[in-house]
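Notes for the structure review
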Amino acid sequence: MHQAEALRGLAGGAVHLPGDPLYDEARMPWNLQVDEHPAAVAYPADPQEVALVVKAAAAAGLRVAPQGTGHGAPPLAGRLGDAVLLRTSAMTGLRIDAATRTARAEAGVLWGDVVARAGKVGLAGMHMSSPSVGVVGSSLGGGVSWYARQHGLQCSAITAVELVLADGTFVRATEDHDPDLLWAARGGSGGFGVVTSLEFDLLPVRTAYAGMLAWDWQQARRVLTAWGAWTEDAPESVTSVARIFQVPDIEWLPGQLRGRQMVMIDAVALGDPEAGARAIAPLRALKPEIDTFTEMPAADIAHLQMDPQEPTAVYANSVLVHGFPADAADALVDVAGPGSGSNLLFVELRQLGGALARPSPREGAMDHLDGSFLVLGVGLDVGTGWTAVREGATRILDSLSPWTSAAAYLSMAYEAAARRGWSPAAYDRLRRIRREADPEGLFVPPQRASGD
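Keep in mind that what you see is a predicted model, and the values were worked out from it rather than measured. (Residues numbered from 1 in each chain as written. Predicted model: local features only at pLDDT ≥ 70, side-chain atom pairs only at ≥ 80, totals over all residues. Heavy atoms only, no water.)

1. Quick look at the overall build of the protein chain
Spelled out, the test is: Only DSSP runs of H or I covering at least 4 residues are called helices, and only runs of E covering at least 2 are called strands; the numbering of each starts at the N terminus. For each residue, the accessible area found with a 1.4 Å probe, counting protein chains only, is set against the maximum for its type, and the residue is called buried under 20%, exposed over 50%, and partly exposed in between. We call two residues contacting when some pair of their heavy atoms lies within 4.5 Å. For every accessible area listed, the method is Shrake-Rupley and the probe measures 1.4 Å; residues are considered covered only by the protein chains on display. A residue counts as positive if it is Lys or Arg and as negative if it is Asp or Glu; His and the chain ends are not included. Charge placement uses NZ in Lys and CZ in Arg. For Asp and Glu, CG and CD serve respectively.
In terms of helices and strands, the protein chain carries 11 helices and 17 strands. When its C-alpha atoms are laid out on the principal axes, the protein chain stretches across 65 × 50 × 40 Å. Of all 452 residues assigned to the protein chain, the portion counted as buried reaches 59%. Contacts in the protein chain between residues at least 24 apart in sequence constitute 74% of all its contacts with a sequence separation of at least 6. Carbon and sulfur atoms form 51% of the exposed surface of the protein chain, whose accessible area is close to 17,300 Å². For the protein chain, the separation between the mean place of its 36 positive charges and that of its 51 negative charges on side chains is 2 Å.

Written out as structure tokens, the structure reads:
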């Protein structure tokens, strides 16, 4: 009998083995580039079912590979032939408490669900750039939101974590109970148990001044140089992103963008809309072809960047950089702009600094980011093959090497050494917590949390 046969019937029958009719569908994550063939795939619906799967896998001599849901589900470390892929997308409970400005999200909840529910009571979560990103996975990895320069990382908003340990024990970790596990959940990326829910603070944000400015990419050098200079004095209430975007001709994208090569600036300004308009006025002075800035409900901001919502095969990698002077803008445009031959879908520069540069008052494995910008290269295989896409992203990131930080934001840098994701002291503490929570190495960690 195959080892995984012992799991049949668990999780309400939502366990799929190789050869089963639903196995291939069950094993596929959001990023269709990932093609793993685990010993079994399980979809537990609650912590009790998680514990039964974990215990049965251990008894059968199999490892357990927890994987979150949605756009942000990271690749896992190593091959999964001897592991049960434990998918959490069936765990979709969500509670918004308007009085305490908090949320409790189970492991299958997406950010779109949170922002829609919270928006109805005048609150906002520190969501990622796409509503289809999973709350738990992105929070465990840090979480850089549209409100980050004023409010810091999403992981610092976590007040409690519920998880199943390697021995099947259910734990609720808070500042007063199992504080090491709460510390690890704040940016530690996982690998210490199966997280079944998080509780975190929400923000009293009902609306924000937000939108997009866009130019033909022939203006990329001028626009990015001016944007880099503007970010030096931009108020912390504003978080912005600049992109060189080779826009595909896809029906759901705005008609004025489809099939074009553009340079764009997206931004969100908290507080008084008039102050937000004054803050972006220097960017408007660059005479964009498209200007969508307006005061909008906080729930709409999750859709600002027009990220794909359906599963897609993509490659992505990133670096943190210190500063973006004119020389850096020139270097980037040379390899990603007009005439460069870049094969990437887009290159994105996320403005950091502000509260992201200061250690959070709440201690965690990740409490700030050591860089002024996060530079992300994203590509699709459009016939050139994934090796060419990877090489294209590497060229982009290497162009900024004079300004690159020694640190890395591992949620968007799958190929970086894990040590670069945390300070030496935090990295050592994380390894200790993982050993104590999982002494036999039952759990397959996210790729970003493994190795040296």
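Read on for the rest.
2. Points about the packing of helix 7 (residues 220–231) against helix 9 (residues 326–336)
Operational definition: Axes here refer to lines fitted to C-alpha atoms; in helices the fit is confined to the stretch in contact. Angles between the N-to-C directions go from 0 to 180 degrees. Helix crossings are classified by the rotation of the near helix relative to the far one: an anticlockwise turn of less than a right angle makes the crossing left-handed, while a clockwise turn makes it right-handed. Basically, the charged four are Asp, Glu, Lys and Arg, the nonpolar ten are Ala, Val, Leu, Ile, Met, Phe, Trp, Tyr, Cys and Pro, and anything else, Gly included, counts as polar.
Here helix 7 crosses helix 9 at 145 degrees, and the two axes come no closer than 9 Å. In terms of crossing hand, the pair formed by helix 7 and helix 9 is right-handed. Contacts from A220, R221, L224 and T225 of helix 7 reach helix 9 at A326, A329, D330, L332, V333 and D334. Across the contact of helix 7 with helix 9, the residue classes tally to 6 nonpolar, 1 polar and 3 charged.

3. Examining the pattern of salt bridges
Going by this rule: Basic side-chain nitrogens of Lys or Arg form a salt bridge, by our definition, when they fall within 4 Å of a carboxyl oxygen of Asp or Glu.
Evaluation of the coordinates by the stated rule reveals 20 salt bridges. Salt-bridge contacts for R432 lead to D180; the nearest nitrogen and oxygen are separated by 3.3 Å. Placement of R432 in helix 11 (residues 424–437) and of D180 in helix 6 (residues 179–185) is noted, with a sequence separation of 252 residues between them. Overall, the relative accessible area of 29% leaves R432 in the partly exposed class. For D180, a relative accessible area of 24% corresponds to the partly exposed category. Two residues, D216 and R260, come together in a salt bridge whose shortest N-O distance is 3.8 Å. Of this pair, D216 sits in strand 10 (residues 207–216) while R260 sits in the loop between strand 11 (238–246) and strand 12 (261–269), placing them 44 residues apart in sequence. The exposure class assigned to R260 is partly exposed, which follows from its relative accessible area of 25%. A single network of salt bridges, built from pairs that share partners, joins R104, E106, E162, R172 and E199.

4. Some thoughts on the sheet that holds strand 7 (residues 158–164)
Here is the rule we go by: What makes two strands pair is DSSP finding at least two bridges between them.
Ordered by their spatial adjacency, 5 strands build an open sheet running 5-6-9-7-8, and the pairing between neighbours is antiparallel. A single partner strand is all that each edge strand has here, and the edge strands are strand 5 (94–97) and strand 8 (170–173). Looking at each pair of strands side by side, their axes are set apart by 10 degrees on average, direction ignored. Bridge count for strand 6 (residues 102–106) against strand 9 (residues 194–201) is 5 bridges, and the pairing is antiparallel.

5. A word on the sheet that holds strand 4 (residues 83–87)
The sheet built from 4 strands is open, its strands ordered 1-2-4-3 with mixed pairing. Both edges of this open sheet fall to strand 1 (15–16) and strand 3 (63–67), since each of them pairs with a single strand only. Inspection of the sheet shows strand 2 (residues 40–42) paired to strand 4 by 3 bridges, in the parallel sense. From the neighbouring strand, A42 faces strand 4, where its bridge partner is L86. The sheet contacts of helix 2 (residues 47–59) involve strand 2, strand 3 and strand 4, and relative to strand 4 the element is tilted by about 170 degrees.

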